[in-house]
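Below, each chain spelled out in residue letters.
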There are 2 protein chains.
Amino acid sequence: MKPSIPKGTRDFSSQEMVKRNYIFDTIREVFRNYGYLPIETPSMENLDTLMGKYGEEGDKLIFKILNSGDFLDGLKDKDTKEMGAKEMTKYISEKALRYDLTVPFARYVVQHQNDITFPFKRYQIQPVWRADRPQKGRYREFYQCDADVIGSPSLLNEVELIQMIDDVFGKLNVPVIIKLNNRKILQGIAESIEAPEKMIDIAVAIDKLDKIGDDGVRKELIDKGFDNARIDKLLKIILDKSIVSVGDFNFEVSHNINESDARLAVLASKINSDGTFLLPEVFVKGKNELGYIVHNVKKLVSSIKIEVDLSLARGLNYYTGTIIEIQVDRSRCKSEFTSSICGGGRYDDLTGIFGLPNVSGVGISFGADRIYDVIEELNRFPQSVSSSTKVMFVNFGNNEAQYCLPLVSELRKNNISAELYPDAAKFKKQMGYADDKKIAYVVFIGGDEMSKGVLKLKNMTSGEEKEIKSDELIKHIV
Amino acid sequence: MKPSIPKGTRDFSSQEMVKRNYIFDTIREVFRNYGYLPIETPSMENLDTLMGKYGEEGDKLIFKILNSGDFLDGLKDKDTKEMGAKEMTKYISEKALRYDLTVPFARYVVQHQNDITFPFKRYQIQPVWRADRPQKGRYREFYQCDADVIGSPSLLNEVELIQMIDDVFGKLNVPVIIKLNNRKILQGIAESIEAPEKMIDIAVAIDKLDKIGDDGVRKELIDKGFDNARIDKLLKIILDKSIVSVGDFNFEVSHNINESDARLAVLASKINSDGTFLLPEVFVKGKNELGYIVHNVKKLVSSIKIEVDLSLARGLNYYTGTIIEIQVDRSRCKSEFTSSICGGGRYDDLTGIFGLPNVSGVGISFGADRIYDVIEELNRFPQSVSSSTKVMFVNFGNNEAQYCLPLVSELRKNNISAELYPDAAKFKKQMGYADDKKIAYVVFIGGDEMSKGVLKLKNMTSGEEKEIKSDELIKHIV
């Protein structure tokens, strides 16, 4: 039997681990700098915590855990002859592996609501599992790095999250575009053409406008059951830059959404008197939010490019306001990467599913595995990313080895990673080990050196060798 | 429905997380200082990688994952009427959650043997899952922190691992006793009384000697089927301090076990001519190894107490040499903790089960969850263990908030964690938030301060407030 691991899962070697940790550490440091605190939830959740939260397709992709002990007990007195797998699962499985960090987080907030100070800013870096068909860049176990703030409707949270995205990708040296949209804008457009339930079809059509033109969009929408009058109206809205452009949208608004309701109504009617449409208030509200965010973010970010993209329809199922998606900016680097590497948005009622309604939250999630693939593709992992041993002592035999032990200890006490080769193996083998492990310095202490109280120190990068006093070793390690 | 999590699992709050990370970071730093490199393996392994490796009881405690898709497909054409859960599991589950880090590590070494430089020093800090009955201090999901070196028979590895244990518990300020034994000694004793298969019964009996005396041990062994002649012999060996004491054992031996075989034979015969028993060579070899380790370790460790304990029978299933167990030293602190908080040993053929025989390894495993409980019990988490926000800006309204944003950014750029309260909430609420989150400094910037280019800085520990220039804020944060 040749040992192997389940498809879609991965082993990580030391070299991969140090690169992965570089990404996690960078993200974690930014989260901390912005006042987000860590929590962790169990890998397993009760099955009914997860089921029904990700749509029917999602339910199928949740990994279920067989009840321990005699799981057949659950099927006693049940007629299993006609029972399908879906039905049987209820009786033989009570637990499942988490599918994302968002639903467990909502469960956490509701369960611990009395111990939490709101607004609650938390981050969470843990693996999730999905029974997706494995393919390049898609794994069955992968890490999510989430930051959310819950219990505050303020748009300053969105501004802050976008600053964090800017910081993370700035530090990681990956040029990115941040695409922004607002669920309320999409909803407003759908309502304005009296097709409120067709928001996604509309977003998909808008997305293709550049590629297939007005006529192509019209054809596609007719296939989806839209009539020509509605399509005319939709195209007019989309093509009228003065209506959808956010950059030009120059207004003053309180960051507290509730306070600004009155002004929004005014704005809505203004647009009506200027243009052709009576745009629903929700559209203006969404545009307003987007405008506030873009206005403030522009002054604060340094490395990201901001793009308002009305076709962005990410995770419409629970988002209610801002929608964020980050892609590699291929105009600024040579990348083949077109998928999203980070995303998020605002949800007004995520905790409602667990019995705590009307708590607004907003969050982002970094896809560490994809970010890894991008940095690898761009060859931008810093040289310094390595956690290998700094100093190795060659082992010339038992006496020499015992003589070295206190010297090795001394280095470690000074936080310099050091090791003594454990066996008195052939010199060539020991040096090969030092090479493979990319060890920076090698120390030689044979009988001669022992009697003189000195050692030979070899710099493995430059090849330089020098004899120094044993008690001065630390000074020579840089 | 009140949300909850599966029994035996835990949510970790921010306060718990920072304490847990303190333990993980301490262990990780020591691992690194000794030249161990990180790897990670998937949470799921193929079921046949795990089954049969932990005994029959262990097999039951492995969490199995239901095949995704229609798991009933696996039962097609099977007569399920008389099928028990154990048999059925084979057809509906192919994967399982890892039960420890050792077996996945052995699988990793065999699978990647061509990419690994030996001796392979790796560490691994990941959760494991066991379907044990949950009780105080025993969880169904918990972390193991393992360091192993594989491919080197040198006893210097044991010396190094014990130094690491000393370092970790020294840094964590937990006084511990390290108990040492050697599987070969137990084997030698069992062989010397012609009961080689009863090693564990013997270890258990030795363990009770202090409590129940010679007669008690004799009675217990008779119950186990030993005759009086063997018991006489056993007691003579155990009670003869000159035979079992390791501290007095003063000998010279090469640290390379193979090279020292000849000398060991001499030693064995010496003991025979001095004493009463022809002790098997394996006994002397074990004692010899233990002596070498104790001799070297004594010169290098600072905070641990070392104790040779011939009754230590930990994990006899795969250990073949040194056995290590760490307990809280209750003579040096007020603890109720009697279970082991770290343990390990040498195994000569762990990778053999996956087809790579004769590769000797030795490793230790820290039980992070139990260590957490001990430090909590002793109240020894350092005050400085906290990762909360350093500076909070009070939000007095939209204009003031927008004025603050660049100042908050400036702090973050200098790696000082800072946040602006997102809503213009009541002053009392905002200050309550700062208190709850144990934020060190609070900044006030109202209209007055804005026009003067100053800010009010409150030290939340001392209560002191001062007015300073906005651009000098960083200088005042310590």
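Residues numbered from 1 in each chain as written. Chains lettered and ligands numbered in written order. Predicted model: local features only at pLDDT ≥ 70, side-chain atom pairs only at ≥ 80, totals over all residues. Heavy atoms only, no water.

Draft legend 1. Here's a closer look at the overall build of chain A. Along chain A, the regular secondary structure elements total 16 helices and 16 strands. Rg of the C-alpha trace for chain A: 29 Å, well past the compact-globule value of 23 Å for 478 residues, more than 25% over. Once the C-alpha set of chain A is aligned to its principal axes, its extents read approximately 95 × 65 × 50 Å. Taking all 478 residues of chain A together, 59% fall into the buried category. Put simply, 69% of the contacts in chain A that link residues at least 6 apart link residues at least 24 apart. Carbon and sulfur atoms form 47% of the exposed surface of chain A, whose accessible area is close to 20,800 Å². On chain A, the mean spot of the 67 positive side-chain charges and the mean spot of the 71 negative ones are 3 Å from each other. (Helix = DSSP H or I, 4+ residues; strand = E, 2+ residues; numbered from the N terminus. Rg over C-alpha atoms; globule rule 2.2 N^0.38 Å. Buried < 20%, exposed > 50% of the residue type's maximum accessible area, 1.4 Å probe, protein only. Contact = heavy atoms within 4.5 Å. Areas by Shrake-Rupley, 256 points an atom, 1.4 Å probe, with all protein chains shown as cover. Lys, Arg positive; Asp, Glu negative; His and termini not counted. Charge placed at Lys NZ, Arg CZ, Asp CG, Glu CD.)

Draft legend 2. Quick peek at the domain arrangement of chain A. Domain annotation for chain A reports domain 1 (14-378) and domain 2 (387-476). For domain 1 of chain A and domain 2 of chain A, the distance between their C-alpha centres works out to 53 Å. (Domains from an automatic or database assignment.)

Draft legend 3. Layout of the sheet that holds strand β11 (residues 361-367) of chain B. Residue and element names in this part refer to chain B. Across the sheet, eight strands lie side by side as β1-β5-β6-β11-β10-β9-β7-β8; this open sheet has mixed pairing. With one partner strand each, in any of the chains shown, β1 (37-38) and β8 (305-308) form the two edges of the open sheet. Pairing analysis gives seven bridges linking strand β6 (residues 141-150) to β11, with the strands arranged antiparallel. Each bridged residue has a counterpart across the sheet, and for Asp-146 the counterpart in β11 is Ser-365. Running over the sheet, helix α12 (residues 281-300) touches β7 (176-182), β8 and β9 (322-328) and is turned about 150° from β7. (Pairing = 2+ DSSP bridges. Axes fitted to C-alpha atoms, helices over the stretch in contact; angles between N-to-C directions.)

Draft legend 4. Looking closely at the side chain of B:Lys53. All names here are of chain B. Mapped onto the elements, Lys-53 comes out in the loop between α2 (47-50) and α3 (55-61). Among buried charged residues, Lys-53 stands out as having no salt bridge; its nearest opposite-charge side chain is Asp-48, 7.1 Å away. Here the side chain of Lys-53 touches Thr-49 through a polar contact of 3.2 Å, landing on its backbone oxygen. Not counting the four nearest positions on each side in its chain, Lys-53 is found in contact with Asp-48, Asp-59, Val-103, Ile-353 and Phe-354. (Salt bridge = Lys/Arg side-chain N within 4 Å of Asp/Glu carboxyl O. Polar contact = N/O pair within 3.5 Å; in protein donor to acceptor, adjacent residues only side chain to side chain.)

Draft legend 5. Inspection of the pairing of strand β15 (residues 454-459) of chain B at higher detail. All names here are of chain B. Bridge count between strand β14 (residues 441-444) and β15: four bridges; the pairing is antiparallel. Across the sheet, residue Tyr-441 finds its bridge partner in β15, namely Asn-459. A loop of five residues connects β15 with strand β16 (residues 465-469), the two strands running antiparallel in sequence, and Gly-463 in this loop sits at a positive phi of about 85°.

Draft legend 6. Seen up close, the relation of the copies chain A and chain B. Superposing chain A onto chain B takes a rotation of 180° combined with a translation of 0.0 Å along the rotation axis, leaving an RMSD of 0.1 Å. Put plainly, the chains are arranged around a two-fold axis. Across chain A, the rotation axis passes nearest the C-alpha of A:Ile65, at a separation of 2.2 Å. Most of the interface of chain A is mirrored in chain B, where 100% of its interface residues are also at the interface. (Least-squares fit on C-alpha atoms with pLDDT ≥ 70 in both.)

Draft legend 7. Layout of the sheet that holds strand β12 (residues 391-393) of chain B. Residue and element names in this part refer to chain B. Sheet architecture is open: five strands sit in the order β13-β12-β14-β15-β16, paired in mixed fashion. Sheet topology places β13 (418-420) and β16 at the edges, where each strand pairs with a single neighbour. Strand-to-strand twist of the sheet, defined as the mean angle between neighbouring strand axes without regard to direction, takes the value 25°.

Draft legend 8. Molecular detail of the state of the cysteines. Residue and element names in this part refer to chain A. For the structure shown, the criterion picks out zero disulfides over all chains. Cys-333 carries a free sulfur, and the closest cysteine sulfur to it, the one in Cys-342, is 16 Å from it. Summary of cysteine pairing: Cys-342 is not part of a disulfide, and the nearest cysteine sulfur, belonging to Cys-145, is at 9.2 Å. Its relative accessible area of 2% is what places Cys-342 among the buried residues. (Disulfide = S-S within 2.5 Å.)

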